[in-house]
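Here's the letter readout for the chains.
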Amino acid sequence: MIALASDHAGYDYKEKIKTLLDELKLPYRDFGTSSKDSTDYPDWAHKAAQAVSSGECEQGILVCGTGIGMSIVANKHKGVRAAVCESVTAARLARQHNNANVLTVGERIIGWESVVDIVKVFFSTSFEGGRHARRVEKIHSTTGL
Ligand code: RB5
């Protein structure tokens, strides 16, 4: 299950991502927001990231204007590894090397066609493990997050 959330600046992409995930047959849960009315991105990022942290959802996609605010918030949650991806290469490496479990994108930063490619690559690429597993473990061991 993919936890999905956006603020107003990411709302249009979030809605389009739902159609894309339906096409890819990837189940999701939408944590909001539910309109383009101005709102605060941490409110939505916290909800979706908490779902990933608790195990209710295995992965997530968060959208705001830049993807940056969403990633900062999500990475405060235990067990969450959120990556802002602006390219297919970043999406692939975020999975292979960082075992990222939350993808964040910026609606004001990248075009929709890029988002389609990034989502497809992110959710079809596996973690490589090995030396990267040791490094990922160190992300969490120092802070307990
Ligand atoms: C909203 O204007 C904008 O600040 C927000 O969507 C996001 O880009 C923050 O990181």
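With respect to the site of the ligand
Close to the ligand lie Asp 7, His 8, Ala 9, Tyr 41, Cys 64, Gly 65, Thr 66, Gly 69 and Arg 108. Within the backbone of Gly 65, one N or O atom sits 2.8 Å away from an oxygen atom of the ligand. Take Arg 108: an N or O atom from its side chain is 3.2 Å from an oxygen atom of the ligand. In isolation the ligand exposes 290 Å². Once the protein is present, 72% of that is buried. Looking at the shell around the ligand, its residues break down into three nonpolar, four polar and two charged.

Section: the side chain of Arg 81
Here Arg 81 is to be found in the loop between helix 3 (68–74) and strand 4 (82–84). Buried within the structure, Arg 81 lacks any salt-bridge partner; its nearest side chain of opposite charge belongs to Glu 137, at an N-O separation of 7.9 Å. A polar atom in the side chain of Arg 81 sits 3.2 Å from the backbone oxygen of Asn 98. A polar contact of 2.9 Å, which involves the side chain of Arg 81, links it to the backbone oxygen of Asn 99.

What counts, and at which threshold
Residues numbered from 1 in each chain as written. Predicted model: local features only at pLDDT ≥ 70, side-chain atom pairs only at ≥ 80, totals over all residues. Heavy atoms only, no water. Near = heavy atom within 4 Å. Polar contact = N/O pair within 3.5 Å; in protein donor to acceptor, adjacent residues only side chain to side chain. Areas by Shrake-Rupley, 256 points an atom, 1.4 Å probe, with all protein chains shown as cover. Nonpolar A, V, L, I, M, F, W, Y, C, P; charged D, E, K, R; others polar. Helix = DSSP H or I, 4+ residues; strand = E, 2+ residues; numbered from the N terminus. Buried < 20%, exposed > 50% of the residue type's maximum accessible area, 1.4 Å probe, protein only. Lys, Arg positive; Asp, Glu negative; His and termini not counted. Salt bridge = Lys/Arg side-chain N within 4 Å of Asp/Glu carboxyl O.

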